[in-house]
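What follows is each chain in one-letter form.
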Amino acid sequence: MRYAISGETKIAKTYEYDVVIVGAGLAGLYAALNIDESLSCIILAKENMDNSSSWLAQGGIAAAINRDDTPLLHFEDTVVAGAGECDTEAVSVLVNEGPADIENLARLNVPFDLDEFGEFHFTREGGHKKRRVVHAGGDATGRETIRALAGIVSERKNITFSGYTCLFDVITSDSGSASDSSPKVTGVVVRYKDSEFHHILTKNVIIATGGIGQLYLASTNPPVATGDGIAAAIRAGVRVSNIEFIQFHPTGLWSENSSGSEFLISEAVRGDGGILVNSEGERFMLDIHELAELAPRDIVARAIVRELKRSGESCVYVDITSKTEDFLMTRFPTIYNECLNHGINIAVDRIPVNPVQHYMMGGIETDICGLTSVSGLYACGEAANTGVHGANRLASNSMLECLVFGRRAAAHINNVSINDSSLEGDNPQPKTQDNCSQEIANQSLQLLSLGNRPHKKLDYTQLRKNIQQLMSENCFVIRNTAGLKTALAGIEAIYSQLKAVYDDCNDYLETLNIATVAIAIVTSALNRPQSIGAHYMEDYRQ
Ligand code: SIN
């Protein structure tokens, strides 16, 4: 299926920007701030700037800034966690350039937590042999970072922010010149406020739409994480890779009445002394890995799943009662308060947890400039597969990746655009319906041979639940071939129903996107009949 829109889609407005950024998490905002101020740029967010995985990020941002640390040590921890699947050039870029981006965030007034000497305070998380994770607001690093950057974005004259704007399709042209036959981006079609469609003409699109949490029954991601950018890229024929590598965070807060969007008990709690115990109070990580509770995430998640299978219980526990209440209230205010809302005082009670979907290591394949297989189409943040995470992401490398590769994508666009005489230059004025050549706009969609599909509403809530069930049962921490095949057959049947019809609403699009990405994940998982990193096949024999 090439387009989610159809021939009957009515475009209410057409306008033009030099750069379109889809997603307002850390990758999207930081990319926007690095776009040359002579270029007009629009940021599209499905909801608002306070609704992203970045906003929810607790633990912090990893970077080798501490005196006893080096980029090389950070590199080593990253590739060990990545189980040999990392792209070492990309990792090298990440760990060497990352520290300057952290310094830049501090200059942009991100209120990092400092020690008694006024220096960054560092914490430690799973897989790190050094304390190298900087944080803000105790355990509210994402919120504090996004707040600071959003303030600056709103003052930039060349940046427009458009909330409640949902990406339907990336439009490409296959009419490349003789010397370059690869397709090029020509624009995007979005739905504004779930009511009207807009066609935005552009030569540069950055997809920074985050993750895929809504493919699962339980995830730390917000409800907006339906894989929209990845699905649009798949429809546009862009290469995606490594998407079978899905990270399950070992410690989502467990409760009897889980809503699906799970509250995270940050790994930083274990970094500051929290231990994992079963219902008997026994530590079970000691025999499993030399780093015990701070082993790489895939190892801890599998250990918990096995422990739960052995005990028949629904959860294990994080125990941080070795710390004082004063310490916990200051260091982990968000976690302390949320647990209190659940009737848990973390200074005296153990915290019930279990593994939940958290992150996707793979995604839209990019080079180290964030460029995808389609000219003018970039990806960064969780939606991208830059190669830095390999088969398992090292804790707190995700925000660093947003910074380094968001900036790099922007720099690439700046370079290309400055040499492109058709772009406006000095005083960027987004072109409106009146001045962007409506003729060209209409033509470009008419040329697409969109076709018509019958207009029909389906029960999207039920279809999503069915996909989530299939993914949670068969494509979770421990997988096997038969389960993956069951999931694939079930999701393909749902996808067939969806692609046979057209419905001009966000619910249709999101369900279609969830099905599209789920099929891609399960297919990739079946194509890798081995256990590596977060992709663990119990029927694989070495
Ligand atoms: C956490 O705080 O445990 C999450 C950090 C991350 O996902 O890197």
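Further up the page is the structure itself.
Everything numeric in this text was worked out from a predicted model, so none of it was measured.

Rules behind the numbers
- Residues numbered from 1 in each chain as written.
- Predicted model: local features only at pLDDT ≥ 70, side-chain atom pairs only at ≥ 80, totals over all residues.
- Heavy atoms only, no water.
- Core = buried A, V, L, I, M, F, W, Y, C linked by side-chain atoms within 4.5 Å.
- Buried < 20%, exposed > 50% of the residue type's maximum accessible area, 1.4 Å probe, protein only.
- Helix = DSSP H or I, 4+ residues; strand = E, 2+ residues; numbered from the N terminus.
- Contact = heavy atoms within 4.5 Å.
- Axes fitted to C-alpha atoms, helices over the stretch in contact; angles between N-to-C directions.
- Parallel < 35°, antiparallel > 145°, perpendicular 65-115°, else oblique.
- Left-handed = near helix turned anticlockwise from the far one by under 90°.
- Nonpolar A, V, L, I, M, F, W, Y, C, P; charged D, E, K, R; others polar.
- Near = heavy atom within 4 Å.
- Polar contact = N/O pair within 3.5 Å; in protein donor to acceptor, adjacent residues only side chain to side chain.
- Areas by Shrake-Rupley, 256 points an atom, 1.4 Å probe, with all protein chains shown as cover.
- Phe/Tyr/Trp six-rings, centres within 6.5 Å; stacked < 30°, edge-to-face > 60°.
- Lys NZ or Arg CZ within 6 Å of the ring centre and 35° of its normal.
- Pairing = 2+ DSSP bridges.

A. Representation of the nonpolar core within the structure. Counting 76 residues, the largest nonpolar core has Met471, Ile491 and Ile521 as its most contacted members. Sort the elements by how many residues they give to this core and helix H15 (residues 506–526) lands first, with twelve residues. If we ignore the near neighbours within four places in the chain, the residues touching Met471 are Leu215, Tyr216, Phe476, Ile491, Ala518, Ile521 and Val522. Membership of the second largest hydrophobic core comes to 54 residues, among which are Val19, Met49, Phe122 and Met399.

B. Seen up close, the packing of helix H14 (residues 481–499) against H15. Running from N to C, H14 and H15 cross one another at 150°; their axes reach a closest spacing of 9 Å. What the angle tells us is that H14 and H15 run roughly antiparallel. The two elements H14 and H15 meet at a crossing, and its hand is left-handed. Along its contact with H14, which presents Thr481, Leu484, Lys485, Ala487, Leu488, Ile491, Glu492, Tyr495, Leu498 and Lys499, the element H15 presents Tyr508, Thr511, Leu512, Ala515, Thr516, Ala518, Ile519, Val522, Thr523, Ala525 and Leu526. The class makeup of the residues in the contact of H14 with H15 is 14 nonpolar, four polar and three charged.

C. Layout of the site of the ligand. Neighbouring the ligand are the residues Gly59, Glu125, His249, Leu264, Ser266, Glu267, Arg297, His358, Arg393, Ala395 and Ser396. The contact in question runs from an oxygen atom of the ligand to an N or O atom on the side chain of Ser266, over 2.6 Å. A distance of 2.9 Å separates an oxygen atom of the ligand from a polar side-chain atom of Arg297. Relative to its free-state accessible area of 260 Å², the ligand is covered by the protein chains to the extent of 94%. Partitioning the shell around the ligand into residue classes produces two nonpolar, five polar and four charged.

D. Expanded view of the environment of Pro71. With respect to the helices and strands, the residue Pro71 is situated in helix H3 (residues 71–81). Judged by relative accessible area, Pro71 falls into the partly exposed class, the value being 26%. In sequence terms Pro71 and Thr324 are 253 residues apart; their C-alpha atoms lie 34 Å from each other. Residue contacts for Pro71: discarding those within four places in its chain leaves Ala64, Val95 and Asn96.

E. Quick peek at the packing of aromatic side chains. Summed over the entire model, instances satisfying the criterion amount to eight aromatic pairs. Measuring from ring centre to ring centre gives 5.4 Å for Phe112 and Phe120, while their planes differ by 75°; the resulting arrangement is edge-to-face. Phe112 sits in the buried class, given a relative accessible area of 7%. An aromatic cluster is defined as three or more aromatic residues linked by ring pairs; in this entry it consists of Phe112, Phe120 and Phe122. For Lys323, the ring lying beneath its charged end belongs to Phe327, and the centroid distance is 5.2 Å. We note Arg393 situated over the ring of Tyr359; from NZ or CZ to the ring centre the distance is 4.0 Å.

F. Summary view of the sheet that holds strand S19 (residues 384–385). Strand order in the open sheet formed by three strands is S12-S17-S19, and the pairing between neighbours is mixed. Only two strands of the sheet have a single partner each, and these edge strands are strand S12 (240–241) and S19. Looking at chain direction, S12 and strand S17 (residues 363–365) are connected through two bridges and run antiparallel. Its bridge partner being in S17, Val240 is matched across the sheet by Ile364.

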